[in-house]
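Coordinate inspection notes
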Amino acid sequence: QVQLVESGGGLVQAGGSLRLSCAASGIIFSINVMGWYRQAPGKQRELVAAITSGGSTNYADSVKGLFTISRDIAKNTVYLQITSLEPEDTAVYYCNANVVRTPFLVNDYWGQGTKVTVSS
């Protein structure tokens, strides 16, 4: 089994910054893509940012330039640096990974989520 553990969420004031991290553990041959999603109450889960094994990134238009995704391949870890947080960014942030467990088995995994609350 593969587990994703997120950390770094919390309560911050508007305009502040946070750095979220997500570490994958278990039987992992490689990770194709790691990404961050968020879900606010009453809304659908949406993609925030993703990064491939080759370093290509994809951001939601609403966060481009304010959120930065990065990775540490050796640690199977992905980070999300968030700046200029606004109350509208309040949500549970989830880590997702497309994991090559063996040369014959590829699966998607989700973390438990870390809550980000932005006060005005």
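For the structure itself, consult the block above.
Residues numbered from 1 in each chain as written. Predicted model: local features only at pLDDT ≥ 70, side-chain atom pairs only at ≥ 80, totals over all residues. Heavy atoms only, no water.

This part covers the state of the cysteines. Counting across every chain of the model gives one disulfide. Two residues share a disulfide in this structure: Cys22 and Cys95, whose sulfurs sit 2.1 Å from each other. The chirality of the disulfide connecting Cys22 with Cys95 is left-handed, given an S-S dihedral of about -85°. Taken together, the positions of Cys22 in strand β3 (residues 18–26) and Cys95 in strand β9 (residues 91–102) put the pair 73 residues apart, joining distant regions of the chain. Residue Cys22 shares its accessibility class with Cys95, and that shared class is buried. (Disulfide = S-S within 2.5 Å. Helix = DSSP H or I, 4+ residues; strand = E, 2+ residues; numbered from the N terminus. Buried < 20%, exposed > 50% of the residue type's maximum accessible area, 1.4 Å probe, protein only.)

The subject of this paragraph is the sheet that holds β3. A sheet is described by the order of its strands in space; here four strands give the open sequence β1-β3-β8-β7, paired in antiparallel fashion. The sheet is open, and its two borders are formed by β1 (2–7) and β7 (67–72), each paired with just one other strand. Looking at each pair of strands side by side, their axes are set apart by 15° on average, direction ignored. When β3 meets strand β8 (residues 77–82), the two strands line up antiparallel, connected through six bridges. What sits directly across from Arg19, in β8, is Gln81. (Pairing = 2+ DSSP bridges. Axes fitted to C-alpha atoms, helices over the stretch in contact; angles between N-to-C directions.)

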